[in-house]
Amino acid sequence: MREGVCMQEFDLVIIGGGPAGLAAAIAAKKEGVDSILLLEREMRLGGILNQCIHNGFGLHYFKEELTGPEYAQKFIDELTTLGIECKLSTMVIDITQEKQVTAVNMEEGILIIKAKTIILAMGCREKTRGAINIPGCRCAGIYTAGAAQKYVNIEGLMPGRKVVVLGSGDIGLIMARRMTLEGGEVKAVFELMPYSTGLKRNIVQCLDDYGIPVRYNHTIIDIKGRDRLEGVTAVKVDENRHPIKGTEEYIACDTLLLSVGLIPENELSKKAGVELSPITGGAVVNEDMETNTPGIFSCGNVLHVHDLADNVSVESEIAGKSAARYLNGRIYKTIYHGVIGGEGIRYTVPQKMNLDVVENYVEIRFRVNNIFINSYISVYFDNKRILHIRKRILSPGEMESIKLTRNLIGLNSDFSDILIKIEKE
Amino acid sequence: MYNVIIIGAGIVGSSIARELSKYDLKVCILEKQVDVAMGTTKANSAIVHAGFDAKPNTIKAKLNVMGNSMFDLLSEELDFPFKRNGSLVLCFHENDMDKLLLLKEQGEKNGVPNLEIISGKALCDMEPNISQNAVAALYAPTGGIVCPYEMTLALSENAYENGVEFFFENKVIDISAIDNKYKVITNKDEYLGEVIINAAGIYSDEINNMISSESLKIIPRRGEYCVFDKSVGNMISKTIFQLPSKLGKGVLVTPTVDGNLLVGPNAVNQDDKEDFATTLEGLENILKTASESIKYMPMNLIINSFSGLRARTEKDDFIISEVKDAIGFINVVGIESPGLTSAPAIAKVVCDMVIKKIPTEIKNNFNPIRKGILKFREMPLDQLQVKIEEDPRYGNIVCRCETISEGEIIDAIHRPLGAKTLDGVKFRTRAGMGRCQSGFCASRILDILARELRKDQLEITKFGRESRILTCKNKELI
């Protein structure tokens, strides 16, 4: 044992104190787990919600319309009341397969924490200009939308005046409105796909209401600026997302906001030997939000990128409860039905399910891979269709879910896999 | 009055400065940017070439091999990362085997040690991830990889510690001969020097032409690169070249000394010396060409791309000489590849030229050792614990992707020739070079810079000049 390096033991260690970690912690505590440690790298709990000062949070979960910080505060208050231990300004730098967590902070230095269970709730990071390889100058004035949001909402400082947004994901839409409200001029939102990748309500409330044009089937192929950004070149793309020669247009601006994708932040998960899905970028889990490593659970944006914090909370409660059950000696499941995304489905979470013990229902969340109008969500147990739900609109930017009730499962017990797909009739 | 004025604080200027600082000479460097290494030095392949590529009996060949051999001692004294990982030049056709053999011969003429041709199973075992189409390769064990800007910082800091003065944001606008001295006028001040060393990179032609009637012309030749995530940094262990063409060494694939994978460069002439943009064609080109060397190109793991400008002259060799019609004015011009490798040797050559002109002695208090910034990510946990107890800021991780602590960033700002910009912190610590490309840490680094330099957050720039990160306070635009 090293002299000076602090060693501790906890039944449950939760990595991340955003909406996922908070809900998971509270759920575990309510199930009787007392030895909980929540590790958060920022100096306050709340995660990304702290900078999401717009409202629209809690419509489902609390039946109220709250801002991000307000939504987070409800959980933080409950966590405090329940007396759950947290370490703030603490960065986890390693997790082993044996569930040993290494963290560091200024007060205590290096912490080595032996955990019986771990909940991964680290959230996600933003895709960068470098990752999508936009050519051009590397001047100042290019930000991911979330990073710009932090400057504006937390620091009270404007990244720039004349703004172009690439990507119609929710963060880009929210920031288009935000910059406008602070006196910036948002010239356009460019979106590669023929549809928005964000929530429909954000298109209306952030762009339409402010007269900000959105140009679908467009992308940016050049960036000009010696020291600070001076302009970008936008171009139309064809059905293969390739630039169409001759459609280039130069737009003068000093700020480019990128909202081109979120990537679950699973670097630590990899170190712990957790199996990741190449489609979601997050862990492969069962209906308990348990990964392939017994006793390691995952929830929230680190599992798959959500649209609504409300769904994160629900999902994370499952993880918290499951961790509690694990600690109470529940046996690790080994036999699974595969949950398969068929035609029209991009991914499902969970990717496998054991349905021996189902309380009321199990929920499968999924995203479609295209826009579908007047179609059906169909669920098959092997070849037998057991659900056929009509939906007016299905879009990749809006996560969907279906519930399999205990009855439904009970009536159709002998099957191998669950298939979800989108059907025309 | 200075004995020596060096124009340009790139790898060449800094190497010369450090070498000269061993002597009892009054030396200064004039650098137009806000920091060292901001030109070609920070945007190249970062390879310490073995030396088989240079034409025999050229200055390039001689200084390449000489310089290469100096890296072990230098990297130890100055604490910058250097690794002799070895180079492989791949040959894809039996018909080209003679070209490979010629390259080997050329290397041997140049004095490159231990060259051998490897093929078949031996090649496969050495590098399992190179293309199946490679029939053979020239293996040069003395090839290496280095961090060119960290090396430049190390040289500069050591030169500074040993008495060299650095003047940043001083752009030379005129040089005139007065008596047997030179008056160098910058946008900020005037300097007098006995000997002037022109190490101004892609602007060295303009500097030369201020004083000499024998004008020089630099042709900037752009090279573009893609950097990949560290998770594929160990796809290969050696630096993989393809057989060279007329345009140069061609597109390489290499691990970097920091653990990333680097692909590039192309070679495209351009006029604009201020244009460091990458291009769609250029990036597509290097990725396509490099794909021929390795089994697969992990396209979804690109984290960044950049371009650098080589300072080419028509001469195709280094120009290291005193100007005929300007005694005491030494040109170090056209230092394109293998310039980085040759830099320690160039420094020795130039230093010898200087001390022939100015009688002087070696300082008895010259300190060859420079300690770099402590790397949290490389320290064992118990040592880290001690360090954090001593200075808690080492326990505050600012750059999550690269695991860089606040303590390191503060060291970067306050050490000699400390960082003043976001890029300055980035190049000294690697904060911002990870997969999120400073998405998480930029605002934190900005705050630390503002606090430590006692500046307003709005004043902090990415790399000096007008590259401000923030514009104004909220609501000021309404």
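For the structure, see preceding data.
Every chain is numbered on its own, with residues counted from 1 as its sequence reads. All chains are assigned letters beginning with A, and all ligands numbers beginning with 1, in the order in which they are written. Local features are withheld for residues below a pLDDT of 70 in this predicted model, meaning they are given only at 70 or higher, and side-chain atom pairs are given and counted only at 80 or more; totals for whole chains, interfaces and linings count all residues. The side-chain quantities take in all heavy atoms of the structure and omit both hydrogens and water.

S.K.: Kindly report on the overall build of chain A, identifying the contributing residues and their values.
M.R.: When its secondary structure is counted, chain A shows 9 helices and 28 strands. Both definitions apply: the radius of gyration is a C-alpha atom measure, and the globule rule equals 2.2 Å times residues to the power 0.38. By the compact-globule yardstick of 22 Å for 425 residues, chain A fits well, its C-alpha radius of gyration being 22 Å. With respect to the three principal axes, the spread of C-alpha positions in chain A is 65 × 65 × 40 Å. Within chain A, the proportion of its 425 residues that are buried is 58%. Residues count as neighbours in contact if any of their non-hydrogen atoms are within 4.5 Å of one another. Looking at chain A alone, contacts between residues at least 24 apart form 63% of all its contacts between residues at least 6 apart. Per element, the accessible surface of chain A, about 17,200 Å² overall, is 49% carbon and sulfur. Numbering of helices and strands runs from the N terminus; a helix is a DSSP stretch of H or I covering at least four residues, while a strand is a stretch of E covering at least two. Think of it in three bands: with a 1.4 Å probe and only protein chains considered, a residue is buried below 20% of the maximum accessible area for its type, exposed above 50%, and partly exposed in between. To measure how exposed things are, a 1.4 Å probe is used in the Shrake-Rupley method; for residues, cover is taken only from the protein chains shown.

S.K.: Summarise the overall build of chain B; cite the residues concerned and give the values.
M.R.: What chain B contains, in helices and strands, is 13 helices and 23 strands. In terms of overall dimensions, chain B is globule-like: its C-alpha atoms have a radius of gyration of 23 Å, near the 23 Å expected for 478 residues. For chain B, the C-alpha atoms occupy an extent of roughly 60 × 60 × 50 Å along the three principal directions. Within chain B, the fraction of its 478 residues that count as buried is 62%.

S.K.: Now, about the sheet that holds strand β27 (residues 400–405) of chain A: what can you tell me, with residues and values included?
M.R.: Whenever strands of a sheet pair, they do so through backbone hydrogen bonds, lying parallel or antiparallel. All names here are of chain A. In short, DSSP must find at least two bridges between two strands for them to pair. Judged by pairing direction, the sheet is antiparallel, and its 3 strands sit side by side in the order β22-β24-β27 without closing on themselves. Edge strands, defined here as strands with exactly one partner in the open sheet, are β22 (345–349) and β27. Between one strand and the next, the sheet's axes are offset by a mean angle of 25 degrees, whatever the strand orientation. Axis lines are fitted to C-alpha atoms, over the contacting stretch for helices. Their N-to-C directions set the angle, which ranges from 0 to 180 degrees.

S.K.: Describe the packing of helix α4 (residues 145–155) of chain A against helix α13 (residues 442–452) of chain B, and please don't skip the residues or the numbers.
M.R.: At a closest axis distance of 10 Å, the pairing of α4 of chain A and α13 of chain B adopts a crossing angle of 50 degrees. On the basis of the axis angle, α4 of chain A is oblique to α13 of chain B. Within the contact between the two elements, α4 of chain A uses K150, Y151 and E155 of chain A and α13 of chain B uses A442, S443, R444, L446 and D447 of chain B. Residues are sorted three ways: Asp, Glu, Lys and Arg are charged, Ala, Val, Leu, Ile, Met, Phe, Trp, Tyr, Cys and Pro are nonpolar, and all the rest, Gly among them, are polar. For the contact of α4 of chain A with α13 of chain B, the per-class residue count stands at 3 nonpolar, 1 polar and 4 charged. When describing relative orientation, an angle under 35 degrees is termed roughly parallel and one over 145 degrees roughly antiparallel, while 65 to 115 degrees is termed roughly perpendicular and anything else oblique.

S.K.: Quick one: what's the story with a nonpolar patch on the surface, residue by residue and with numbers?
M.R.: Any residue with relative accessible area above 30% and no salt bridge may belong to a patch, with like charges joined within 9 Å and the nonpolar Val, Leu, Ile, Met, Phe, Trp and Tyr side chains within 5 Å. By definition, a salt bridge exists where a carboxyl oxygen of Asp or Glu is found within 4 Å of a side-chain nitrogen of Lys or Arg. A surface patch of nonpolar side chains, amounting to about 250 Å² of accessible area, comprises I371, I373 and I393 of chain A. Its place among the elements puts I373 of chain A in strand β25 (residues 372–381).

S.K.: Quick rundown of the packing of aromatic side chains? Include the residues and the values.
M.R.: For Phe, Tyr and Trp, where Trp contributes only its six-membered ring, two rings pair if their centres lie within 6.5 Å, and the inter-plane angle classes them as stacked under 30 degrees, edge-to-face over 60, or tilted in between. Under the criterion given, the structure shown has 19 aromatic pairs over all chains. Plain terms: the ring middles of F167 of chain B and Y191 of chain B are 5.0 Å apart, the flat faces sit at 45 degrees to each other, and that makes the pair tilted. With F167 of chain B in strand β9 (residues 165–167) and Y191 of chain B in strand β12 (residues 190–198), the pair connects residues that are 24 residues apart, well separated along the chain. Given the relative accessible area of 22%, F167 of chain B is considered partly exposed. Assessed through its relative accessible area of 6%, Y191 of chain B is described here as buried. A connected cluster of aromatic rings, assembled from ring pairs, spans F57, Y61, F62, Y71 and F75 of chain A. Only Lys NZ and Arg CZ are tested; either one counts as a charge over a ring when it is within 6 Å of the ring centre and within 35 degrees of the ring normal. In this structure, K403 of chain A is placed above the aromatic ring of Y361 of chain A, and the distance from its NZ or CZ to the ring centre is 4.9 Å. Taking NZ or CZ as reference, K26 of chain B lies 4.1 Å from the ring centre of Y2 of chain B, over its face.

S.K.: Just give me the short version of the pattern of salt bridges, but keep the residues and values in it.
M.R.: Tallying each qualifying case throughout the model produces 62 salt bridges over all chains. Between K60 of chain B and E336 of chain B there is a salt bridge, and its shortest N-O distance comes to 3.0 Å. With K60 of chain B in helix α2 (residues 59–68) and E336 of chain B in the loop between β20 (326–333) and α9 (339–357), this residue pair connects regions lying 276 residues apart in the sequence. With respect to class, K60 of chain B is no different from E336 of chain B; both count as buried. As a salt-bridge pair, K375 of chain B and E150 of chain B come within 3.3 Å of each other at their nearest N and O atoms. With a gap of 225 residues between them, K375 of chain B in the loop between α9 and α10 (381–390) and E150 of chain B in helix α6 (residues 148–161) connect regions that are remote in the sequence. One network of salt bridges, in which partners are shared, links R226 and D227 of chain A together with E274 and R465 of chain B.

S.K.: Describe the interface of chain A and chain B, listing the residues and the values that go with them.
M.R.: With 49 residues of chain A at the interface, the matching set in chain B holds 58 residues. Note on definitions: buried area is the accessible-area loss of two parts on being combined, 1.4 Å probe, summed for both. Across the interface of chain A and chain B, roughly 4,600 Å² is buried in total on both sides, 55% from carbon and sulfur atoms. Joining chain A to chain B, the criterion identifies 6 salt bridges. Residue K475 of chain B pairs with E182 of chain A through a salt bridge whose shortest N-O separation is 2.7 Å.

S.K.: Give me the lowdown on the state of the cysteines, citing residues and values where you can.
M.R.: Criterion for a disulfide: a pair of cysteine sulfur atoms within 2.5 Å. Overall, the coordinates contain 0 disulfides over all chains when judged by the stated rule. Cysteine C139 of chain A is unpaired, with the sulfur of C137 of chain A as its nearest cysteine sulfur at 5.6 Å. Relative accessible area serves as the criterion here: at 4%, C139 of chain A is assigned to the buried category. This cysteine, C399 of chain B, is not joined by any disulfide, and C441 of chain B carries the nearest cysteine sulfur, 4.4 Å off.

S.K.: Residues and numbers for α10 of chain B, please.
M.R.: Listed as buried for α10 of chain B are L384, Q385, K387 and I388 of chain B. Along the long axis of α10 of chain B, the arc covered by the buried residues comes to 170 degrees, so they all point the same way. The outward face of α10 of chain B, more than 90 degrees from its buried face, is lined by the exposed residues V386, E389 and E390 of chain B. Elements in contact with the buried residues of α10 of chain B: β7 (100–105) and β8 (109–120) of chain A. Each C-beta atom gives one direction from the helix axis, and the arc is the one those directions make.

S.K.: Account for the environment of K424 of chain A, naming residues and giving values.
M.R.: All names here are of chain A. For K424, the position within the fold is in the segment after β28 (417–423). A residue is classified by how much of its surface remains accessible, and K424, at 58% relative accessible area, is exposed. Between the C-alpha atoms of K424 and S375, which are 49 residues apart in sequence, the distance is 4.9 Å. When residues no more than four places from it in sequence are discounted, the contact partners of K424 are N374, S375 and Y376.

S.K.: Which residues make up the environment of Y216 of chain A, and what are the values?
M.R.: Residue and element names in this part refer to chain A. By secondary structure assignment, the location of Y216 is in the loop between β14 (214–215) and β15 (218–224). Classification of Y216 as partly exposed rests on a relative accessible area of 26%. The spatial distance from the C-alpha of Y216 to the C-alpha of A147 is 24 Å, given a sequence separation of 69 residues. Setting aside anything within four residues of it in sequence, one finds Y216 in contact with E191, M193, P194, Y195, S196 and I203.

S.K.: Kindly report on the packing of helix α1 (residues 11–20) of chain B against α9 of chain B, identifying the contributing residues and their values.
M.R.: Residue and element names in this part refer to chain B. Between α1 and α9, whose axes approach to 8 Å, the crossing angle comes to 45 degrees. Compared by their axis directions, α1 and α9 come out oblique. In this structure, the crossing between α1 and α9 has a hand that is right-handed. Counted together, I11, V12, S15, I16, E19 and L20 of α1 and L340, A343, P344, I346, A347, K348, V350, C351 and V354 of α9 form the full contact between these two elements. Each residue belonging to the contact of α1 with α9 can be placed in one class, and the counts come to 12 nonpolar, 1 polar and 2 charged. Here a crossing is taken to be left-handed if its near helix is turned anticlockwise relative to the far helix by less than a right angle, and right-handed if that turn runs clockwise.

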